[in-house]
There are 2 protein chains.
Amino acid sequence: MKRTIVRTGTKSYPVIVHEALLEFDSLPEQLLGDDGRCIVITDENIAELHLSHFEKKLRSIGLKPKVLTIAPGETSKNSRQMLNLAQEMVWQEARRNTPVIALGGGVVGDLAGLVASLYLRGVPFVQVPTTLLAQVDSSIGGKTGIDLPEGKNLLGTFWHPEAVWTWVGFLKTLPAKQVREGLSECLKYGYIMDPAILERSTLIDPKNPLAEGNEIMELIHLCVESKARIVGQDVTDKGKRQFLYFGHRFGHAIEAIAGYKGITHGEAVAIGMTYESLIAESLGIATTGMTADIKERLRTLGLPYAMPRGITVEMLVEGCKRDKKRTGEGIRFALVRQPGQCVLEEIDPSKLLKILRSIG
Amino acid sequence: MKRTIVRTGTKSYPVIVHEALLEFDSLPEQLLGDDGRCIVITDENIAELHLSHFEKKLRSIGLKPKVLTIAPGETSKNSRQMLNLAQEMVWQEARRNTPVIALGGGVVGDLAGLVASLYLRGVPFVQVPTTLLAQVDSSIGGKTGIDLPEGKNLLGTFWHPEAVWTWVGFLKTLPAKQVREGLSECLKYGYIMDPAILERSTLIDPKNPLAEGNEIMELIHLCVESKARIVGQDVTDKGKRQFLYFGHRFGHAIEAIAGYKGITHGEAVAIGMTYESLIAESLGIATTGMTADIKERLRTLGLPYAMPRGITVEMLVEGCKRDKKRTGEGIRFALVRQPGQCVLEEIDPSKLLKILRSIG
């Protein structure tokens, strides 16, 4: 078992990575406040694979779950679904001290977190991430959200969980494509924060992530430590937390241009890291060879690094300009000097276009 | 001009009560972050009475407002309206640093505050309360919310404004009935916190609240000071902030039983204060004569104090049991010992019923 404390301005909470599901001696008081009653939000896929085991375990530690199930996939991350869940909670007579437990990947976690933050102005919340991506990234840091027809994550809150319970066993049933996209985010932590993560990431076999025994647990733990450190220094995403955007400025643009179809988030981030590293090399920020290193690691893991056919540099710059995170005229990038060293850099759109054209 | 600083765990902000609208030498930097662009949310009634004046003033202090207007009344405080406003903000290309300014009463403030807290996970927010109720109560303390079909304020956030700009001139066009409901909340502060407020409240003529010159400004300021003190001690409503529920436990039940028709919030609170004081007297908590004092002041202001015909004690207790703030089995009341002294008291529903029956 590995334990990391995430410290935010107003509260601290543990991220626990363990070999066995919900092996606890005792639970924090705030999760038992409503006589153990709790709301579990999950999706149909996870429910089929893991719910009966999970419910049994919850009962064994004193919780009385009521389960609400949503359809799997990003299309569930909308306002209608959010309201349905909130109304279900009213019908279940959930109170201010009734915790919400999210059992699932990023979609379930973001949606359930938003509901937990809004219901009666906020109830206790627990993340139980079931994908590698959620385990190393979206379950930590308190971001919640839903999409609007106009774009992704346009509405959301910062709502920190009471705990994150990560069980590596969920990865046994995770498709290789989804393991890969989690590994793409692991590489990101390696480049922006902790180079030790790079070697460990490429040790993992996406088709059998548990093959190397405790390796996957160690990897997840190191990523969690990196994320906890960054989030603790900048909870509301105004400064250093933006290091986490390495690969994401272009990644988000690529996803949006592709209409969120045919490419996973992690794949888009992989391509994003490659091209943002090319930008960094061209600006003299990155040491030579950075991009080659990134490409080599992505290749090892079976992740893409070339820009998808049909996406022009003009489209890419337009996509970056539309990014919701923008505040000024420039486009803000997290660029890597060398593994473990990151800087934030504003680049003017016209200059960006010029660099991208020169890269080809 | 009167100025109160509200201190929350994470930020502090000023509540400014002034004689003239928006008389500022300079604005906080965070309101000018998007080149002065800002979103004003108001309702049709206020727009007709005050918008042109308000817009002109905003421009004179360097802001460039884009106005979004909703239909007046509680029925606008729903999820559909919240989403419409958020989508309008996307179309206006509002960014993370584009402030939202709520110009209106409690409905506009609660709704606009929720949108501001959710849009891109939160943008700067300013309250410009136009009713007495909003000026002394709902604009301060960061509570936002919308109603669900199942009940009022079931979804919401805590989102503190950058500032509250209170102009007493708005009260000139406020109907006497709405001035009275504001005065009902003023009396509440008098009973729970600051007895000096009691005399000042009954000096105000609901039909002409500005008749006594600076009296109304002084009254609003004292109420703001009381609320700021309580909120500063318990931002998230887990303890002392519940003093503000004096009159509201029964008040909310009365409103719900009446279907939110035919009785204003302030009127329901007036009746609530009377009956909660009777409870306090019957428990030996309140000094004898408290209820008589409350009734006398309500009568002076033209506010009701008798339970509306058709509301039985059984209905009242049932209504209290359904209150969303409940966590345990008892019903929590804020009871007044004597003006300026308040205590929280859990009362078992069956005991409450017995007391109410004995009161008649």
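Everything discussed here concerns the structure shown above.
Overview of the structure. Since this is a predicted model, take the numbers as computed values, not measurements. (Residues numbered from 1 in each chain as written. Chains lettered and ligands numbered in written order. Predicted model: local features only at pLDDT ≥ 70, side-chain atom pairs only at ≥ 80, totals over all residues. Heavy atoms only, no water.)

### Some thoughts on the overall build of chain A
Move 1: Secondary structure assignment for chain A yields 12 helices and 11 strands.
Move 2: Taken over the C-alpha trace, chain A has a radius of gyration of 20 Å; the compact-globule value for 360 residues is 21 Å, and the two agree within 12%.
Move 3: If you line up chain A on its principal axes, its C-alpha atoms span 65 × 40 × 35 Å.
Move 4: A burial count over chain A gives 60% of its 360 residues as buried.
Move 5: By sequence separation, contacts in chain A at least 24 residues apart represent 74% of the contacts at least 6 residues apart.
Move 6: Here chain A has roughly 13,800 Å² of accessible surface; of this, 48% comes from carbon and sulfur atoms.
Move 7: Across chain A, the centroid of the 44 positively charged side chains sits 3 Å from that of the 42 negatively charged ones. (Helix = DSSP H or I, 4+ residues; strand = E, 2+ residues; numbered from the N terminus. Rg over C-alpha atoms; globule rule 2.2 N^0.38 Å. Buried < 20%, exposed > 50% of the residue type's maximum accessible area, 1.4 Å probe, protein only. Contact = heavy atoms within 4.5 Å. Areas by Shrake-Rupley, 256 points an atom, 1.4 Å probe, with all protein chains shown as cover. Lys, Arg positive; Asp, Glu negative; His and termini not counted. Charge placed at Lys NZ, Arg CZ, Asp CG, Glu CD.)

### With respect to the sheet that holds strand β1 (residues 2-7) of chain A
Residues and elements named next belong to chain A.
Move 1: The sheet built from 7 strands is open, its strands ordered β1-β2-β9-β6-β5-β3-β4 with mixed pairing. This sheet does not close on itself; its edge strands, each paired only once, are β1 and β4 (64-70). Geometrically, the sheet is characterised by an average inter-axis angle of 20 degrees between neighbouring strands, direction not taken into account.
Move 2: Relative to strand β9 (residues 163-167), strand β6 (residues 125-129) runs parallel, the two being bridged by 2 bridges. Each bridged residue has a counterpart across the sheet, and for Q127 the counterpart in β9 is V164.
Move 3: Contacting β1, β2 (12-18) and β9, helix α7 (residues 215-233) runs over the sheet at an angle of about 15 degrees to β1. (Pairing = 2+ DSSP bridges. Axes fitted to C-alpha atoms, helices over the stretch in contact; angles between N-to-C directions.)

### Considerations on the relation of the copies chain A and chain B
Move 1: Superposing chain A onto chain B takes a rotation of 180 degrees plus a shift of 0.0 Å along the axis, which leaves an RMSD of 0.0 Å. Taken together, the turn and the small shift mark the pair as related by a two-fold rotation axis. When C-alpha distances to the rotation axis are compared across chain A, the minimum falls at A:T10, with a value of 3.9 Å. (Least-squares fit on C-alpha atoms with pLDDT ≥ 70 in both.)

### Comments concerning the pairing of strand β10 (residues 331-338) of chain A
All names here are of chain A.
Move 1: Note that β10 and strand β11 (residues 341-347) share 7 bridges and pair antiparallel. Its bridge partner being in β11, A334 is matched across the sheet by L344.
Move 2: Joining the antiparallel neighbours β10 and β11 is a turn of 2 residues, in which G340 adopts a positive phi near 100 degrees.

### Points about the interface of chain A and chain B
Move 1: Across the contact, 36 residues belong to chain A and 36 residues belong to chain B.
Move 2: For the pair chain A and chain B, the two sides together bury roughly 3,300 Å², of which 57% comes from carbon and sulfur.
Move 3: The largest share of the area that chain A buries against chain B comes from A:R95, A:R96 and A:R121, three residues that together contribute 24% of it.
Move 4: Put simply, chain A and chain B have 0 salt bridges between them.
Move 5: Where chain A meets chain B, there are 10 residue pairs in polar contact (both at pLDDT 80 or more). (Buried area = accessible area lost by both parts, 1.4 Å probe. Salt bridge = Lys/Arg side-chain N within 4 Å of Asp/Glu carboxyl O. Polar contact = N/O pair within 3.5 Å; in protein donor to acceptor, adjacent residues only side chain to side chain.)

### What about the environment of A:A280?
All names here are of chain A.
Move 1: Looking at the element boundaries, A280 is found in helix α9 (residues 265-282).
Move 2: For A280, a relative accessible area of 0% puts it in the buried group.
Move 3: As for A280 and T291, which are separated by 11 residues in sequence, their C-alpha atoms are 9.1 Å apart.

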